[in-house]
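# Fold and contact review
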Amino acid sequence: MNKRDPYTKDWYVKWFASITVLMAMSIRGIPEYVQYDLYLTFIGLCGWLLVSFWWQDRALITINSVGLIMITRTLLLN
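The following paragraphs examine the structure supplied in this document.

Reading the values: rules and limits
- Every chain begins its residue count from 1, and numbering advances along the sequence as written.
- This being a predicted model, a pLDDT of at least 70 is required before a residue's local features are given, and a value of 80 or more before pairs of side-chain atoms are given or counted; all residues contribute to the totals for chains, interfaces and linings.
- Hydrogens are left out, water is left out, and the side-chain values use all remaining heavy atoms of the structure.
- For patch building, the residue pool is restricted to those with more than 30% relative accessible area and no salt bridge; the joining distance is 9 Å between like charges and 5 Å between nonpolar side chains (Val, Leu, Ile, Met, Phe, Trp, Tyr).
- Computed with the Shrake-Rupley method and a 1.4 Å probe, the accessible areas treat only the protein chains shown as cover for residues.
- By definition, a salt bridge exists where a carboxyl oxygen of Asp or Glu is found within 4 Å of a side-chain nitrogen of Lys or Arg.
- We count a stretch as a helix when DSSP gives it H or I for four or more residues in a row; a strand needs E for two or more, and each element gets its number in order from the N terminus.
- Each residue's exposure class comes from its accessible area (1.4 Å probe, protein chains only) as a fraction of the maximum for that residue type: buried when under 20%, exposed when over 50%, partly exposed otherwise.
- Here, the term nonpolar core denotes a set of buried Ala, Val, Leu, Ile, Met, Phe, Trp, Tyr and Cys residues that are joined through side-chain atoms within 4.5 Å.
- Contacts are assigned to residue pairs with any non-hydrogen atoms lying within 4.5 Å of each other.
- We call Phe, Tyr and Trp rings a pair once their centres come within 6.5 Å, taking the six-membered ring for Trp, and we label the pair stacked below 30 degrees between planes, edge-to-face above 60, and tilted otherwise.
- Comment: the charge-over-ring label is applied if NZ (Lys) or CZ (Arg) is within 6 Å of the ring centre and within 35 degrees of the ring normal.

Right, let's talk about a nonpolar patch on the surface for a bit. On the surface, a nonpolar cluster with roughly 310 Å² of combined accessible area is contributed by W15, I19 and M23. Looking at the secondary structure, you find W15 in helix α1 (residues 9–27). For W15, a relative accessible area of 44% puts it in the partly exposed group.

Dropping the structure here:
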């Protein structure tokens, strides 16, 4: 039986992106860390957008694209 390696590039990127988003969520609401929250969220969304393209999942592409546009707008105006 040919067993597929579970640790492919999408596995690493999705977990890195997920941990990054969780880190951002953990500091959300602390005024001193607003910029860190925005940067971490940006990085996490970029990672998930990449994974969603690899998986060809339109729902994930849509939600991460829109989220990335919103975060980018906030970063540019902040």
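Here we come to the nonpolar core. The biggest cluster of nonpolar side chains holds 7 residues, and these are L38, L45, L49, I61, L68, I71 and L75. In terms of residues, this core owes the most to one element, helix α3 (residues 58–77), which gives 4 residues.

A word on the environment of A17. When you line up the elements, A17 lands in helix α1. Those residues in contact with A17 that lie beyond four places of it in its chain are G44, G47 and W48.

Moving on, we get to unusual backbone geometry. Glycine aside, the phi torsion of most residues is negative, and most peptide linkages are trans. Positive phi values are uncommon outside glycine, yet Q56 reaches one of about 55°. Mapped onto the secondary structure, Q56 falls in the loop between α2 (34–55) and α3. Take Q56: its relative accessible area is 67%, and that puts it in the exposed class.

Considering all chains together, one arrives at 5 aromatic pairs under this definition. Relative to Y36, the ring of Y33 has its centre 5.9 Å away and its plane inclined at 55°; by these criteria the two rings are tilted. Judged by relative accessible area, which is 39%, Y33 ranks as partly exposed. Between W48 and W55, the aromatic rings sit 5.9 Å apart at their centres with planes inclined by 75°, giving edge-to-face as the arrangement. By relative accessible area, W55 is classed as partly exposed at 38%. Among the aromatic residues, those joined into a cluster by ring pairs are Y7, W11 and Y12. Against the face of W54 rests K9, its NZ or CZ located 4.8 Å from the ring centre.

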